[in-house]
Structure formats: structure tokens, C-alpha cells
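# Remarks on the overall topology
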Amino acid sequence: MKHNYVLGMMLLVLLSACSQKPMKQKYVSLPLHEAWFDDEIVFYVTTDVSDRKMAKVMDANYVPRLRHTIPKYPKPPSVRTALERVYGFPNGTQKRNVFPSVPDPIGPENRDKQYSPLWLMYNVIWADPSQAYVLTSEGAIYEAEAQGLVTIERTNIVVNCPVVHPPE
């Protein structure tokens, strides 16, 4: 008997929730940034950063706890994390970061299982900044590294930067 009463109450709550008018969609404004992915420009927003200085520059939340997502290194291949790499250029040699993955397609139909909006920052540093050119993919960065043109340095900065639809 008590079981039927509980089920009845759950059904009543569910039906009353369904009969209410849908809430009007609300929006916020966030700064839109551009990055490179496989020679194409993609767009993203930055909401959270584990480094206070970078959070201030990006006008994002300072969230030191994001550092807890970094695994102990060297990380065994069997250890999976939600962190993806993002490549930045700290000396201003390049304006746009480089992402190694993006949703495909952007939105609820994404098929890219490697994509994550949590990024571990890697700095790309030119050996000779006067020879710098624009690197537009992860492959181009690795090629420049193999040629001795750049070094790649892992940081302990984690950022939450979801890739979003291009502006209309």
C-alpha cells in the first residue's frame, strides 16, 4: 500500500512539472576567442582558469582546484583523464592558441571522443622569435619541434575553454 502511495506521489510531481510553462531561455555574454584547429579557425569561451594571473587576463573565474585534474607524470598510457592539450605562445609570437581536438560536429551530435573542454596548457617557445611563423595545427607544432625551431613546455595551468558555434 505504501509503495502505491509513493508511486502515486512521484507521478503527481512528474505530471505537475510537465504541465508548467517552459522557462524562457536566458543568455549571458562571454568574450569569444579564436584558436587554430587543423588549419581552421575555431571559437571558444574561457570560463575558468587554475592560474590567478591568467584568469585575470582572460576575465575568467580563478579556480585553483582545476589543478587537481592533472595526473602524476609520467602518466602511464592506461591512465585516462579529461584533460586535453592546448598550445599557447607566451611571448606573443602567435595570437591564437592551437587545439588538438574540437567537437565534430559542435553540439549534441559530437562524435569526437577525444575532445574535452578541460585543457592543460603547453607553451610553445621559438628558439629564434625572429623566425616565427603561424602554426595552425598540432602537427605543425610537432614538425617545428622536430626541426629544432620550437620547444614545448608543459605547465600546471588548467583552463576550461569549451569550443562553441561560430558567431552568426
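Residues numbered from 1 in each chain as written. Predicted model: local features only at pLDDT ≥ 70, side-chain atom pairs only at ≥ 80, totals over all residues. Heavy atoms only, no water.

### A closer look at the nonpolar core
Val42, Val49, Met54, Phe99, Trp119, Val159 and Val163 are the most contacted members of the largest nonpolar core, which has 19 residues in total. Looking at this core, the elements that each hand over two or more residues are β1 (33-37), β2 (40-44), α2 (52-58), β7 (118-126) and β8 (150-160). Per-element tally for this core: the top contributor is α2, with three residues. Among all residues touching Val163, those that are not within four sequence positions of it are Val42, Phe43, Tyr44, Phe99, Val102, Pro103, Ile106, Tyr115 and Trp119. In terms of nonpolar packing, the next biggest core, distinct from the first, is built from 17 residues, Leu66, Ile70, Leu120 and Val124 among them. (Core = buried A, V, L, I, M, F, W, Y, C linked by side-chain atoms within 4.5 Å. Buried < 20%, exposed > 50% of the residue type's maximum accessible area, 1.4 Å probe, protein only. Helix = DSSP H or I, 4+ residues; strand = E, 2+ residues; numbered from the N terminus. Contact = heavy atoms within 4.5 Å.)

### As for the side chain of Glu138
As for its position among the elements, Glu138 is in helix α3 (residues 138-146). Among the polar contacts listed, one links the side chain of Glu138 to the side chain of Arg85, at a separation of 2.8 Å. Each residue touching Glu138, except ones within four places of it in the same chain, is listed here: Arg85, Tyr87, Val98 and Pro100. (Polar contact = N/O pair within 3.5 Å; in protein donor to acceptor, adjacent residues only side chain to side chain.)

### Regarding the pattern of salt bridges
For the structure on display, the rule yields four salt bridges. Between Arg85 and Glu138 there is a salt bridge; the shortest N-O distance is 2.8 Å. Of the two residues, Arg85 sits in strand β5 (residues 83-88) while Glu138 sits in helix α3, which places them 53 residues apart along the sequence. For Arg85, a relative accessible area of 29% corresponds to the partly exposed category. Across the pair Arg111 and Asp104 runs a salt bridge, and its minimum N-O distance is 3.7 Å. A residue is classified by how much of its surface remains accessible, and Arg111, at 57% relative accessible area, is exposed. Put simply, Glu84, Arg85 and Glu138 are held in one network by salt bridges that share partners. (Salt bridge = Lys/Arg side-chain N within 4 Å of Asp/Glu carboxyl O.)

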